[in-house]
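# Coordinate inspection notes
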Amino acid sequence: MTTQAARGLLRPRKAHEHGKVTFVELFFDLVFVFAITQLSHGLLHDLTPLGAVHTALLFLAVWWVWIYTSWVTNWLDPERTPVRLLLLVLMLAGLVLSTSLPEAFAEKALGFAGAYVFMQVGRSLFTAAALRRHSPGNYRNFLRISAWLLLSAVFWIAGAFVEAGARLALWAVALAIEVVSPSLGFWTPGLGRSTTADWDVEGGHLAERCGLFVIIALGESILVTGATFAELPLDAATVAAFAVSFIGSVAMWWIYFDIGAERGSHRIAHADDPGRLARIAYTYIHLLIVAGIIVGAVGDELVLAHPTGHIDGKTIAVLLGGPVLYLLGNALFKWSTAGRIPLSHLVGLVLLAVLVPVTDGLPPLLLSAAVTVVLIVVAVWERLSLHGGQSLSSPEIG
């Protein structure tokens, strides 16, 4: 029996190096660039408490379908034709899902729910079949996952046929089932539960996938900023708002990628239980990081549109809320990979809180600039801490 036949569709693993992210995985991710754009635009056009709840639920669904697929391609080899075809089919379904996002709580509910259920259940059943002969433990794991996804599918589809209020409740139940099930080990009658030891991920690959998703979110933010700026008259306030927005995006990139991303990849690649770290640090905590970028992008658009004048509560909420989510997510991510929350991030969160009492008298541009200064302080502080003689793997950075 050849080596390829022995491993079936499983991704080959080599000692002392992680599996590279393939071109088809990057191609698949293009759909989620569109999805993030749809989410940020949807929040911008319905910047109300209910609109925020709708956007949060849809974002969680988008993230969940993407991260599950990333786990699957950690085990299955995208260079094999059946796996590649799976990703392309999921990509088409993801495009349907993304186009349905703005009207998911209106006329396109069934399109959204149907595409989502097809992606989640179809991918899981395919993976179970691919693992059956070559990874019995993970095969049982995906039988459990499929059972939970079939349960949540009932609520997703049912929600598409009721009014918006009931739909929100049913979809919240569906999402709760999917979010909670990994922490329960996907316990299923007759099949028992999975342990994180069953989720023997190749940590470097999953870390790179999540880092690329952060890049996608940051890239969408920059694209939206550029597109908005291109349609506005060139005056001093608009140019200043554009510059502040770009510098803020650079600071966000620096906070995540300068130290955290590489250290996280190193830690998970050498962890005794990479499945546990992958679940906590990359599946759950990265939600906050990406959500912070999306909310921050909405704030940038609002500032570009109205850089001067009176600031309203909605603008304050997104200008401060996005960076708070982003710093909190990075702080928890670095805590999970280094065992300590960076002091720089705690100080940054305190400084953002200090801005709250003085927001009423600030024009949007000035508040945006103040928030950007806070992000720069955090990035510089962490970088100086590294230069202070600490190694990259040290838990005392920042």
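Everything quoted here is computed from the prediction, not taken from an experiment.

## Quick word on the overall build of the chain
- Counting its secondary structure elements, the chain contains 14 helices and zero strands.
- Starting at the N terminus, the α and β elements of the chain follow one another as α-α-α-α-α-α-α-α-α-α-α-α-α-α.
- Relative to the 2.2 N^0.38 estimate, which gives 21 Å for 398 residues, the radius of gyration of the chain is 22 Å and therefore close to what a compact globule would have.
- Taking the principal axes of the C-alpha coordinates as reference, the chain spans close to 70 × 60 × 35 Å.
- Relative to its full complement of 398 residues, the chain shows a buried share of 54%.
- Contacts in the chain between residues at least 24 apart in sequence constitute 80% of all its contacts with a sequence separation of at least 6.
- Accessible surface computed for the chain: about 16,600 Å², of which carbon and sulfur atoms make up 69%.
- Taking the average place of the 24 positive charges on the side chains of the chain and the average place of its 27 negative ones, the gap between the two points comes to 12 Å.

## Describing the side chain of T225
- With respect to the helices and strands, T225 occurs in helix α8 (residues 203–230).
- If sequence neighbours within four positions are ignored, T225 has contacts with F242, S245, D300 and L304.

## Remarks on the nonpolar core
- Ranked by internal contacts, the top residues of the largest apolar core, which has 108 residues, are F32, W63, F112, W156, W171 and L367.
- Here this core takes 14 residues from helix α3 (residues 49–75), the largest share from any one element.
- Sequence-distant contacts of L367, defined by excluding residues within four places in its chain, comprise I311, I316, L319, L320, L355, T359 and L362.
- Among the nonpolar cores identified, the runner-up in size contains six residues, and L43, L47, V298 and V318 belong to it.

## A look at the confidence of the model for the chain
- Scored by pLDDT, the chain has a mean of 90; 94% of the residues are at 70 or more.
- Looking at the elements of the chain, mean pLDDT is at its lowest for helix α1 (residues 3–7), recorded as 53, and at its highest for helix α4 (residues 81–100), recorded as 97.
- Segment residues 389–398 is flagged for pLDDT under 50; beyond a separation of four residues in sequence, or across chains, it makes 31 contacts in the model.

## Quick word on the pattern of salt bridges
- Scanning the model with the defined rule gives six salt bridges in all.
- In this structure, E79 and R84 form a salt bridge, with 2.7 Å as the shortest nitrogen-oxygen distance.
- Taking the relative accessible area as the measure of exposure, E79 reaches 40% and is therefore partly exposed.
- Here R383 makes a salt bridge to D258, at a shortest N to O gap of 2.6 Å.

## Structural notes on the packing of helix α9 (residues 236–269) against helix α10 (residues 274–284)
- For the pair α9 and α10, the least separation of the axes is 9 Å and the interaxial angle reads 150 degrees. Classified by the angle between their axes, α9 and α10 sit roughly antiparallel to one another. Contact residues: α9 offers G264, S265, R267 and I268, while α10 offers P274, L277, A278 and Y282.
- Per-class residue counts for the contact of α9 with α10 are five nonpolar, two polar and one charged.

## Concerning unusual backbone geometry
- Of note in this structure, F186 is not a glycine but carries a positive phi near 55 degrees.
- Within the element layout of this structure, F186 appears in the loop between α7 (164–180) and α8.

## Re a nonpolar patch on the surface
- Taken together, I215, I222, F246, I247, V250, W253, W254, I376, V380 and L384 make up a surface patch of nonpolar side chains, about 850 Å² in accessible area.
- Listed by contribution, the elements that provide at least two residues to the nonpolar patch are α8, α9 and α14 (364–387).
- You can see F246 is positioned in helix α9.
- The partly exposed category is assigned to F246, whose relative accessible area is 44%.

## Digging into the packing of α8 against helix α11 (residues 286–305)
- Running from amino to carboxyl end, α8 crosses α11 at an angle of 5 degrees, the nearest separation of the two axes being 9 Å. Looking at the two axes, α8 sits roughly parallel to α11. Of the residues in α11, those touching α8 at C210, F213, V214, A217, L218, E220, S221, V224, T225, T228 and F229 are H286, I289, V290, I293, A297, D300, E301 and L304.
- A class-by-class count of the residues in the contact of α8 with α11 yields twelve nonpolar, four polar and three charged.

## Comments concerning the environment of V303
- With respect to the secondary-structure elements, V303 resides in helix α11.
- Separated by 210 residues in sequence, V303 and A93 have C-alpha atoms that sit 34 Å apart.
- For V303, the contacting residues outside a window of four places in its chain are A241, L319, P364, L365 and S368.

## Remarks on the side chain of S181
- Mapped onto the elements of the fold, S181 is located in the loop between α7 and α8.
- A polar contact is formed between the side chain of S181 and the backbone oxygen of E178, at a distance of 3.1 Å.
- Every residue in contact with S181, bar those within four places of it in the chain, is listed here: Y68, W148 and F186.

## Digging into the environment of I36
- Within the fold, I36 resides in helix α2 (residues 23–45).
- C-alpha of I36 to C-alpha of I311: the two residues are 275 residues apart in sequence and 26 Å apart in space.
- Ignoring any residue separated from it by four or fewer positions in sequence, one finds I36 in contact with F213, I216, A217, E220 and I294.

## Overview of the packing of aromatic side chains
- According to the stated counting rule, one finds 21 aromatic pairs in the structure shown.
- Of the aromatic side chains, those joined through ring pairs into one cluster are W253, W254, Y256, F257, Y282 and F333.
- Of note, R167 hangs over the ring of W171, and the distance from its end group to the ring centre comes to 5.9 Å.

Rules used in this analysis
- Residues numbered from 1 in each chain as written.
- Predicted model: local features only at pLDDT ≥ 70, side-chain atom pairs only at ≥ 80, totals over all residues.
- Heavy atoms only, no water.
- Helix = DSSP H or I, 4+ residues; strand = E, 2+ residues; numbered from the N terminus.
- Rg over C-alpha atoms; globule rule 2.2 N^0.38 Å.
- Buried < 20%, exposed > 50% of the residue type's maximum accessible area, 1.4 Å probe, protein only.
- Contact = heavy atoms within 4.5 Å.
- Areas by Shrake-Rupley, 256 points an atom, 1.4 Å probe, with all protein chains shown as cover.
- Lys, Arg positive; Asp, Glu negative; His and termini not counted.
- Charge placed at Lys NZ, Arg CZ, Asp CG, Glu CD.
- Core = buried A, V, L, I, M, F, W, Y, C linked by side-chain atoms within 4.5 Å.
- pLDDT = per-residue confidence, 0-100.
- Salt bridge = Lys/Arg side-chain N within 4 Å of Asp/Glu carboxyl O.
- Axes fitted to C-alpha atoms, helices over the stretch in contact; angles between N-to-C directions.
- Parallel < 35°, antiparallel > 145°, perpendicular 65-115°, else oblique.
- Nonpolar A, V, L, I, M, F, W, Y, C, P; charged D, E, K, R; others polar.
- Patch = residues over 30% accessible without salt bridge, like charges linked within 9 Å, V, L, I, M, F, W, Y side chains within 5 Å.
- Polar contact = N/O pair within 3.5 Å; in protein donor to acceptor, adjacent residues only side chain to side chain.
- Phe/Tyr/Trp six-rings, centres within 6.5 Å; stacked < 30°, edge-to-face > 60°.
- Lys NZ or Arg CZ within 6 Å of the ring centre and 35° of its normal.

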